[in-house]
Amino acid sequence: MYRLSLFSCLLVSVLLAQGCSGDPNVRPAVEISGSVTLDGAPLQQASIQFTSSKSGESAYANLDENGNYSVSFPQADVGSAYEVTISPPVVEEENAMALAEKPQEKSTVKIPAKYTKRTTSGLIAQVNEPGENKANFELKSK
């Protein structure tokens with residue numbers, strides 16, 4: 001009987017220690033997704049970038065034809081605000097020669113200049129929990 005209760009106490013202690021020993025420096029993964037509109041219409045031919053106001057780390061994604069995006073942070077600053085900018089799409093081409101031979105088409109979408117800088121965009125995404133977070137942005141041209 002004594003061995004069983006000693007073993008039970010030891011097992012409970014180990015389980016509690018594992019559950020309570022969360023390293024405060026460990027940052028969980030976060031995905032931020034949503035949509036961007038300009039004057040009520042889905043914004044196309046653009047990219048969105050999130051920058052942590054705490055760590056300065058950033059990630060971006062190009063918007064799809066419906067103005068939707070999804071950005072992943074393998075290690076995020078949960079409980080922090082992320083500054084957001086909207087810019088022309090990011091060209092992802094590993095082969096510089098291919099890019100020189102077939103340049104990307106210029107974006108026909110006019111993104112208001114204030115949204116292209118973190119200091120003037122006024123766009124913030126609050127990341128409150130690990131996992132999935134939603135953030136939609138409605139831009140105005142005037």
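The residue numbers shown here count from 1 along each chain, following its written sequence. Local features are withheld for residues below a pLDDT of 70 in this predicted model, meaning they are given only at 70 or higher, and side-chain atom pairs are given and counted only at 80 or more; totals for whole chains, interfaces and linings count all residues. Based on all heavy atoms of the structure, the side-chain values leave hydrogens and waters out of the count.

Q: Can you walk me through the overall build of the protein in this structure?
A: A count of helices and strands for the protein gives three helices and nine strands. Secondary structure counts use DSSP, requiring at least four H or I residues in a row for a helix and at least two E residues in a row for a strand, with both numbered from the N terminus. Each helix and strand of the protein, ordered N terminal to C terminal, gives the series α-β-β-β-β-β-β-α-α-β-β-β. Split into buried and exposed, the 142 residues of the protein put 28% on the buried side. Restricting to contacts in the protein with at least 6 residues of sequence separation, those with at least 24 account for 71%. In these tables, accessible area is a Shrake-Rupley quantity obtained with a 1.4 Å probe, and a residue counts as shielded only by the protein chains included in the view. For the protein, the accessible surface area stands at approximately 9,800 Å², while carbon and sulfur atoms represent 54% of it. Exposed residues in this analysis have more than 50% of their type's maximum accessible area, buried residues have under 20%, and partly exposed residues fall in between, with area computed by a 1.4 Å probe over protein chains only. In what follows, residue pairs with any heavy atoms lying within 4.5 Å of each other are defined as contacts.

Q: Please clarify how the pattern of salt bridges should be interpreted in this entry.
A: Opposite charge on two side chains makes pairing possible when the charged atoms of those side chains draw close. Only one rule defines a salt bridge in this text: a Lys or Arg side-chain nitrogen within 4 Å of an Asp or Glu carboxyl oxygen. Tallying each qualifying case throughout the model produces three salt bridges. Ionic pairing is found between Arg27 and Glu57, a salt bridge with its closest N-O pair at 2.8 Å. Here Glu57 lies in the loop between strand 3 (47-52) and strand 4 (58-62) and Arg27 lies in the loop between helix 1 (2-20) and strand 1 (30-38), a separation of 30 residues in the sequence. When its relative accessible area of 35% is taken as the criterion, Glu57 is described as partly exposed. Of the charged contacts in the structure, one is a salt bridge between Glu83 and Arg118, with a shortest N-O distance of 3.0 Å. One end of the pair, Glu83, is in strand 6 (residues 80-87); the other, Arg118, is in helix 3 (residues 118-121), with 35 residues separating them in the sequence. Given the relative accessible area of 44%, Arg118 is considered partly exposed.

Q: What's the story with the sheet that holds strand 3 in this structure? I'm lost.
A: Within a sheet, adjacent strands bond to each other through the backbone by hydrogen bonds, running parallel or antiparallel. Read across the open sheet, the four strands follow the order 4-3-6-7; overall the sheet is antiparallel. One side of each edge strand has no neighbouring strand; the edge strands of this open sheet are strand 4 and strand 7 (123-127). The mean angle between the axes of side-by-side strands here comes to 25°, regardless of whether they run parallel or antiparallel. In this scheme, strands are said to pair when DSSP sees at least two bridges between them. As paired strands, strand 6 and strand 7 are joined by five bridges and run antiparallel to one another. Residue Glu83 lies in a different strand from strand 7, and its bridge partner there is Ile124. What counts as an axis is a line fitted to C-alpha atoms, over the stretch in contact for a helix, and the angles between N-to-C directions run from 0 to 180 degrees.

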